[in-house]
Amino acid sequence: QVQLVESGGGLVQAGGSLRLFCAASGGTFSSYAMGWFRRAPGKEREFVAAINWSGITTHYADSVKGRFTISRDNAKNMGYLQMNSLKPEDTAVYYCAADPYGGSYYDYWGQGTQVTVSS
């Protein structure tokens, strides 16, 4: 079992930046793939970005490619999502998730952190 806690969300103007944090505990985070997802008001949860256990491989949704960067520091049991050039449509609750097997099946989820981008 692993527990995930997101932080770093907040209110930012369009064009601004935020850095989200995902603190992991209670499991072998360094062996897990991890990802970021978001749920915007009135929409279904969607994939944002993912990173493999070592940090070598990353994937991004087309909507955030070139603007967001996913990273991790296994020594600190920490995942990150750097969000630049934010748009109002990025407004959502952002969740980090852990995938124990690297097959894009996420068994563990954080509680979410709110990101609001104003025009």
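This text follows the structure it describes.
This text gives an overview of the structure that appears in the document. Source: prediction; values computed, not measured.

## Some remarks on the overall build of the protein
Each helix and strand counted, the protein has 0 helices and 11 strands in total. Across the protein, helices and strands are ordered from the amino to the carboxyl terminus as β-β-β-β-β-β-β-β-β-β-β. Over its C-alpha atoms the protein spans a radius of gyration of 13 Å, differing by no more than 12% from the 14 Å that the globule rule assigns to 119 residues. Along the three orthogonal principal directions, the C-alpha set of the protein runs to about 40 × 25 × 25 Å. Here the protein holds 119 residues, and 42% of them are scored as buried.

## Quick look at the pairing of strand E5 (residues 46–51)
Examined bridge by bridge, strand E4 (residues 33–39) and E5 share 5 bridges and lie antiparallel to one another. Among the inter-strand pairings, Gly35 is bridged to a residue of E5, identified as Ala50. In this structure, E5 lies alongside strand E6 (residues 58–60), joined through 3 bridges in antiparallel fashion. The partner of Ile51 across the bridge, within E6, is Thr58. The turn linking E5 back onto E6 is made up of 6 residues, and Gly55 within it adopts a positive phi angle of 90 degrees.

## Comments concerning the state of the cysteines
This model, assessed by the stated rule, comprises 1 disulfide. The disulfide partner of Cys22 is Cys96, and the gap between their sulfur atoms is 2.1 Å. Across the S-S bond of Cys22 and Cys96 the torsion is about 65 degrees, and the bridge reads as right-handed. With Cys22 in strand E3 (residues 18–25) and Cys96 in strand E9 (residues 92–99), the pair connects residues that are 74 residues apart, well separated along the chain. Note on Cys22: relative accessible area 1%, which makes it buried. Residue classification places Cys96 among the buried positions, given a relative accessible area of 0%.

## Concerning the sheet that holds strand E1 (residues 3–7)
Ordered in space as E1-E3-E8-E7, the 4 strands form an open sheet in which the pairing is antiparallel. Where the open sheet ends on each side, the last strands, each with one partner, are E1 and strand E7 (68–73). Across the sheet, the axes of successive neighbouring strands diverge by a mean angle of 15 degrees, strand direction being ignored. Relative to strand E8 (residues 78–83), E3 is paired through 6 bridges, and the arrangement is antiparallel.

About the thresholds
- Residues numbered from 1 in each chain as written.
- Predicted model: local features only at pLDDT ≥ 70, side-chain atom pairs only at ≥ 80, totals over all residues.
- Heavy atoms only, no water.
- Helix = DSSP H or I, 4+ residues; strand = E, 2+ residues; numbered from the N terminus.
- Rg over C-alpha atoms; globule rule 2.2 N^0.38 Å.
- Buried < 20%, exposed > 50% of the residue type's maximum accessible area, 1.4 Å probe, protein only.
- Pairing = 2+ DSSP bridges.
- Disulfide = S-S within 2.5 Å.
- Axes fitted to C-alpha atoms, helices over the stretch in contact; angles between N-to-C directions.

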